[in-house]
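Okay, here's what each chain looks like letter by letter:
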Amino acid sequence: MRVLLVGAGGVGTAVTRIAARRGFLTHMVVADYDLGRAEAAVAAVKEHGDRFSARRLDASDEDGVRRLLTEERCDVLLNATDPRFVMPLFRAALAAGAHYLDMAMSLSAPHAERPYEECGVKLGDGQFELAGRWADSGRLALVGMGVEPGLSDVFARYAADELFDDIEEIGVRDGADLTVEGYDFAPSFSIWTTIEECLNPPVVYERDRGWFTTAPFSEPEVFDFPEGIGPVECVNVEHEEVLLIPRWVDARRVTFKYGLGDDFIAKLKTLHALGLDSTEKVTVPGEDGPVRVSPRDVVAACLPDPATLGDRMTGKTCAGTWVKGTKDGAPREVYLYHVVDNQWSMREYGSQAVVWQTAVNPVVALELLATGAWSGRGVLGPEALPPRPFLDLLTEYGSPWGLRQQG
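Model, not experiment: these values are computed from the prediction.

Take the pairing of strand E17 (residues 316–327) next. The sheet contact formed by strand E7 (residues 166–176) and E17 spans ten bridges and is antiparallel. Bridged to Ile-170 within E17 is Val-323. Where E17 meets strand E18 (residues 330–341), twelve bridges bridge the pair, whose relative direction is antiparallel. Paired with Thr-326 across the bridge in E18 is Pro-331.

Structure follows, in structure tokens:
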């Protein structure tokens, strides 16, 4: 399999380090707007042979992406950029006749008049509008194939197939006890994406109502996370699982809640109050005259790169799917989860826990596609495909998942 990886940040670099150890990969072109980042990612895996090469690429240049896919004879495009670039990369892969994987879906837009009650443009709507063209092409666009969304969706499918006869609620729950020495505020994942998903109206799904929205940080609950992480307060956050799971899994309610913490929530609210979450460019003075910049990009530039924090980080991160329903007529409640210890991921791969946990899942998916264990056409979420091959291969990668009976 020949892969074009677009994005050589923390997650993209972790992808190369994981994929380098697997035999299914024939060649991976690592492309980034910053050629130096792509070259650094390739240099880090040179001991694994010459299966990696670096190229400079602007992810917003649809024609340029299409040409590179064709020139390098790539079978699949793996998108490791932030969600701003989903649609040009998605369309370029379709035009080039390549398969496509991403870890975050096309952006949403709030309802103009009732943003905290009704959906406007939903996450992924732009991609599903092209589902017919993807199906006609015979190619697969596997969307939301990170950890959340991604592995969490695989857990939902597994629960429906093997653990429940009837599902009342599927709730993705994410929490961690990670700390970063020397920083008062140092997010462990892209602040651009974090602002996007945390300050947008969260989406909830109910079978009798469909998709609807609530206010940011609504419905707080304390969830007890496994492997020593313990109780963490979680709140509603906009996330792709709520838009994906109901398309393929029958459940009366689907939610996503994230353990942010009071301090993080307060900082996000302050950014919003000051307009620093905006992606609309403003004019500021520069050495050579006025410069147009996005406030959110300035915030990201002022914070440390999450990929560089591993040596200062301690603790674990947990992604998982809580499911409540019945089996054989009896009530049942489980939490399927995946925990990564930062000390382990740094020692084994040189990547901090959050980016490694995100990166391992698309690599597992690529291997399943390469071997034929997974196949499909059109625009599909992870829950549209059989879960057992994925979970077995994830364990083979040395990162097993767990199942906890609740109650």
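The next point concerns the packing of aromatic side chains. All chains considered together, the criterion is met by 16 aromatic pairs. Between Phe-128 and Trp-248 the ring centres are 6.4 Å apart and the planes differ by 45°, which places this aromatic pair in the tilted class. You can see Phe-128 sitting in helix H5 (residues 125–128) and its partner Trp-248 sitting in helix H9 (residues 240–248), a full 120 residues away along the chain. Judged by its relative accessible area of 26%, Trp-248 falls in the partly exposed class. Ring centres of Phe-225 and Tyr-335 lie 6.2 Å apart, and the angle between their planes is 75°; on these two criteria the pair is classed as edge-to-face. With a gap of 110 residues between them, Phe-225 in strand E11 (residues 221–225) and Tyr-335 in strand E18 connect regions that are remote in the sequence. Of the residues examined, Phe-225 reaches a relative accessible area of 3% and is grouped as buried. Here the aromatic cluster, defined as three or more aromatic residues joined through ring pairs, consists of Phe-223, Phe-225, Tyr-335 and Tyr-337.

Now for the packing of helix H3 (residues 62–71) against helix H4 (residues 86–96). Packing of H3 against H4 brings their axes to within 8 Å, and their N-to-C directions diverge by 45°. The orientation of H3 with respect to H4, classified from their angle, is oblique. The crossing of H3 and H4 is right-handed. Contacts between H3 and H4 involve Glu-62, Val-65, Arg-66, Leu-69 and Thr-70 on the former and, on the latter, Pro-88, Leu-89, Arg-91, Ala-92, Ala-93, Ala-95 and Ala-96. Grouping the constituent residues of the contact of H3 with H4 by class yields eight nonpolar, one polar and three charged.

Our next topic: the sheet that holds strand E2 (residues 27–32). Spatial strand order, E3-E2-E1-E4-E5-E6-E19: seven strands in an open sheet with parallel pairing. Edge strands, defined here as strands with exactly one partner in the open sheet, are strand E3 (52–56) and strand E19 (378–380). Looking at each pair of strands side by side, their axes are set apart by 20° on average, direction ignored. Here strand E1 (residues 2–6) runs beside E2; their pairing, made up of five bridges, is parallel.

Let's shift gears to the environment of Asp-75. By the secondary structure assignment, Asp-75 is in the loop between H3 and strand E4 (76–79). When the C-alpha positions of Asp-75 and Leu-163 are compared, they lie 35 Å apart, and in sequence the two are 88 residues distant. Filtering out sequence-adjacent residues up to four positions away, Asp-75 remains in contact with Met-1, Arg-2, Ala-98 and His-99.

Relative orientation of the contacting elements helix H1 (residues 10–19) and helix H13 (residues 353–371) amounts to 55°, with a least axis distance of 8 Å. Classified by the angle their axes make, H1 and H13 are oblique. For the pair H1 and H13, the crossing hand works out as right-handed. Of the residues in H13, those in contact with Gly-10, Val-11, Ala-14, Val-15, Ile-18 and Ala-19 of H1 are Val-355, Trp-356, Thr-358, Ala-359, Val-360 and Val-363.

This part takes up the pattern of salt bridges. One pass over the full model with this rule turns up 27 salt bridges. In this structure, Arg-114 and Glu-117 form a salt bridge, with 2.3 Å as the shortest nitrogen-oxygen distance. On the basis of relative accessible area, Glu-117 is assigned to the partly exposed category, the value being 40%. A network of salt bridges, in which partner residues are shared, links Glu-169, Arg-173, Glu-206, Glu-219, Glu-221, Arg-253 and Lys-257.

Attention shifts here to the pairing of strand E10 (residues 210–213). Sheet topology places strand E9 (residues 203–206) next to E10; four bridges connect them, and they run antiparallel. Opposite Val-203, over in E10, you have Thr-213 as the bridge partner. Taken together, E9 and the strand that follows it, E10, pair antiparallel across an intervening segment of three residues.

Thresholds, definitions, all that
- Residues numbered from 1 in each chain as written.
- Predicted model: local features only at pLDDT ≥ 70, side-chain atom pairs only at ≥ 80, totals over all residues.
- Heavy atoms only, no water.
- Pairing = 2+ DSSP bridges.
- Helix = DSSP H or I, 4+ residues; strand = E, 2+ residues; numbered from the N terminus.
- Phe/Tyr/Trp six-rings, centres within 6.5 Å; stacked < 30°, edge-to-face > 60°.
- Buried < 20%, exposed > 50% of the residue type's maximum accessible area, 1.4 Å probe, protein only.
- Axes fitted to C-alpha atoms, helices over the stretch in contact; angles between N-to-C directions.
- Parallel < 35°, antiparallel > 145°, perpendicular 65-115°, else oblique.
- Left-handed = near helix turned anticlockwise from the far one by under 90°.
- Contact = heavy atoms within 4.5 Å.
- Nonpolar A, V, L, I, M, F, W, Y, C, P; charged D, E, K, R; others polar.
- Salt bridge = Lys/Arg side-chain N within 4 Å of Asp/Glu carboxyl O.

Taken by themselves, the reported measurements are silent on function.
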